[in-house]
Amino acid sequence: MELVYSPKAGILEKKYRHYTVNSYGVKESITADKRKEFFYIGKDSFVIDNLVHSFESGYAAENVEKAISILAKVTEKRSVFPDVILADASIGISSLNIFYKFLAGSQFFRNTPFLIEASNAGAKELADLRKLSFVDEIIFLHQQSDKLLSKLHFIKKIKDAGNIRELQENITQSSENLSVKDDLLKRSFDIVVSSIIILLLSPLFLLIALAIRLESKGPVFYISKRAGRGYRVFNFYKFRTMEVDADKKVDQLSHLNQYSAAKENGPVFFKVNNDPRITKVGAFLRNSSLDELPQLINVLMGDMSLVGNRPLPLYEAETLTTDIWAERFMAPAGITGLWQIKKRGQDDMSVEERIGLDIAYANRNNFMYDLWIMANTPTALIQKSSV
């Protein structure tokens, strides 16, 4: 038996479930699909209905105060905890910060995926939410409800210490041939070059920012979660080249995707030629690759390198966690790389071919090879297709 909070009734209600105990002494549901348990903070009935349909069971609280109260009771009485915590953007930044302090102070929820549902969030609100480092992912259930479980599976795999150690064993073993000297040269080179370029191009940064704001209201930078070396997730920076809330329209353009997956469960990338979401200024920035300049900040921070494999959005990286594809993540994330100089702009490139080039670079990764790739990058930048 468990307690489930009903936001409509405003009380704790009883709900019955049947459990079995596995070999580790942890209770598991004996239902056929063993779906996970959610915890939702908010009042959106559509989201609640979607969660009830997608998960075996869960909790819902109207606000942060009630959520903290319920979770405190959960930690006292249970050995099985919610697999994901989902908060509605409407509860506000200040409440989210209060709730995060509670989570960070609890040993039970430190590794629990924390998602924000932002289907009804405005552009400014969305930009503020993306600045919250403790948020694992921003989702839009009103537009992409079918992707929730796959996103959760990937984020959970990354946050779970045991799983990520197991996942990174092969990456570490494959990287043992890289010398310490190469790593030091590469990092030193990244710091020096990115610092100089940022300093020299700071006036250009300001001009681009002004052009973006004059054409359309919204944030100057596009910030998204990306997976880099060893599946480490970080905030990825680019100049915004699309209209505000472009992420919410991905499903509407899926039929135009350049990378059509042959198998439904295979690796999937998303790219649309002549994307209607791109602004006029954005088209110029993409064709000239100037939209990539803010990634120098990522390089300076150590999230990326000047040369490496492109960091992937989480919905793409989550399809590449098998032993076959994981090799491409043993190399650092980079602004330019082998794929950019060999196949950039070619419409006939398959997903497998792109990943194959990433793996080829990962297996040959060294400082002199990086210099060769950088020397050949200017030619690739002339091409009109953007990464």
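Since the model is a prediction, treat every value here as computed from it, not as a measurement. (Residues numbered from 1 in each chain as written. Predicted model: local features only at pLDDT ≥ 70, side-chain atom pairs only at ≥ 80, totals over all residues. Heavy atoms only, no water.)

## As for the overall build of the chain
Regarding its fold elements, the chain presents 15 helices and 14 strands. Residue burial in the chain is summarised as follows: out of 387 residues, 50% are buried. For the chain, the proportion of contacts with a sequence separation of at least 24, taken over those separated by at least 6, is 67%. As displayed, the chain has an accessible area near 19,300 Å², and 56% of this comes from carbon and sulfur atoms. (Helix = DSSP H or I, 4+ residues; strand = E, 2+ residues; numbered from the N terminus. Buried < 20%, exposed > 50% of the residue type's maximum accessible area, 1.4 Å probe, protein only. Contact = heavy atoms within 4.5 Å. Areas by Shrake-Rupley, 256 points an atom, 1.4 Å probe, with all protein chains shown as cover.)

## Quick word on the nonpolar core
Note that soluble globular proteins tend to have their nonpolar side chains buried in a common cluster. By size, the foremost hydrophobic cluster in this structure holds 29 residues, and its most contacted members are Phe 39, Leu 96, Phe 99, Phe 114 and Ile 116. Taken together, the elements giving at least two residues each to this core come down to β5 (37–41), β6 (57–61), α2 (64–77), β7 (84–88), α3 (93–104), β8 (114–117) and α4 (123–129). Sequence-distant contacts of Phe 39, that is, excluding residues within four places in its chain, are made with Tyr 59, Ala 61, Ala 67, Ile 70, Leu 71, Pro 82, Val 84, Ile 85 and Leu 86. Counting residues in each nonpolar core, the second largest holds 28 residues, with Val 47, Leu 51, Ala 60 and Phe 154 among its members. (Core = buried A, V, L, I, M, F, W, Y, C linked by side-chain atoms within 4.5 Å.)

## Considering helix α1 (residues 45–54)
Residues of α1 that are buried include every one of Val 47, Ile 48, Asn 50, Leu 51 and Ser 54, and no others. With its buried residues spanning 165 degrees around the axis, α1 presents them on a single face. What points out from α1, more than 90 degrees from its buried face, is the exposed set Asp 49, Val 52 and His 53. You can read the cap of α1 off the contacts: a side-chain oxygen lies 2.9 Å from the backbone nitrogen of Phe 46, and it is on Asp 44. (Arc of directions from axis to C-beta. Polar contact = N/O pair within 3.5 Å; in protein donor to acceptor, adjacent residues only side chain to side chain.)

## Brief notes about the pairing of β7
Of all five residues making up β7, five are buried, and the element is well covered by its neighbours. Along β7, one buried face is formed by Val 84, Leu 86 and Asp 88 and the opposite face, lined by Ile 85 and Ala 87, is buried too. Relative to β7, β5 runs parallel, the two sharing four bridges. Residue pairing for β7: Phe 39 is matched across the bridge by Ile 85. Both β7 and β8 contribute to a ladder of four bridges, which runs parallel. Bridge assignment links Ala 87 to a residue of β8, and that residue is Ile 116. (Pairing = 2+ DSSP bridges.)

## What to know about the sheet that holds β8
To summarise the sheet geometry, strands pair through backbone hydrogen bonds and adopt either a parallel or an antiparallel arrangement. Spatially, β6-β5-β7-β8-β9 is the arrangement adopted by the five strands of the open sheet, whose pairing is parallel. Two strands bound the open sheet, and with one partner strand each, they are β6 and β9 (137–139). In this sheet, neighbouring strand axes are inclined to one another by 25 degrees on average, regardless of whether the strands run parallel or antiparallel. Sheet analysis places β8 next to β9, joined by three bridges and oriented parallel. (Axes fitted to C-alpha atoms, helices over the stretch in contact; angles between N-to-C directions.)

## Quick look at a nonpolar patch on the surface
Residues Val 192, Ile 196 and Leu 200 make up a contiguous nonpolar surface patch of roughly 300 Å² in combined accessible area. Turning to its location among the elements, Val 192 is positioned in helix α8 (residues 180–200). (Patch = residues over 30% accessible without salt bridge, like charges linked within 9 Å, V, L, I, M, F, W, Y side chains within 5 Å. Salt bridge = Lys/Arg side-chain N within 4 Å of Asp/Glu carboxyl O.)

## Structural notes on the packing of aromatic side chains
All chains considered together, the criterion is met by 13 aromatic pairs. Ring geometry for Phe 39 versus Tyr 59: centroids 5.7 Å apart, planes at 25 degrees, classification stacked. Of the two residues, Phe 39 is situated in strand β5 and Tyr 59 in strand β6; the sequence distance between them amounts to 20 residues. Residue classification places Tyr 59 among the buried residues on the basis of a relative accessible area of 3%. In textbook terms, an aromatic cluster arises when at least three aromatic residues are bridged by ring pairs, as seen for Phe 99, Tyr 100, Phe 102, Phe 109, Phe 114 and Phe 134. (Phe/Tyr/Trp six-rings, centres within 6.5 Å; stacked < 30°, edge-to-face > 60°.)

## Here's the deal with the sheet that holds strand β13 (residues 312–313)
If you trace the three strands from one edge of the open sheet to the other, you get β11-β10-β13, paired in antiparallel fashion. Taken across any chain shown, the strands that pair with only one partner, and hence form the sheet edges, are β11 (233–239) and β13. Inspection of the sheet shows strand β10 (residues 221–227) paired to β11 by seven bridges, in the antiparallel sense. Note on β11: the bridge partner recorded for Arg 226 is Phe 234.

## Quick look at α3
Counted at 1.5 Å a residue, the expected span for α3 with its twelve residues is 16 Å, and the 16 Å between its end C-alpha atoms agrees. Listed as buried for α3 are Ser 95, Leu 96, Phe 99 and Leu 103. Buried residues of α3 fall within an arc of 100 degrees about the axis and therefore sit on the same side. Exposed residues pointing more than 90 degrees away from the buried face of α3 are listed as Ser 94 and Lys 101. (Expected span 1.5 Å × (residues − 1).)

## Considerations on the pattern of salt bridges
One pass over the structure, following the stated rule, counts eight salt bridges. Linking Asp 128 and Lys 124 is a salt bridge whose minimum nitrogen-to-oxygen distance equals 3.2 Å. Taken together, the positions of Asp 128 and Lys 124, both in helix α4 and four residues apart, correspond to about one turn of that helix. Residue Lys 124 is classed as exposed on the basis of its relative accessible area of 63%. Among the ionic pairs, Lys 186 bridges to Asp 370, the shortest N-O distance being 2.3 Å. Residue Lys 186 is located in helix α8, and its partner Asp 370 is located in helix α15 (residues 367–382); the two are separated by 184 residues in the primary sequence.

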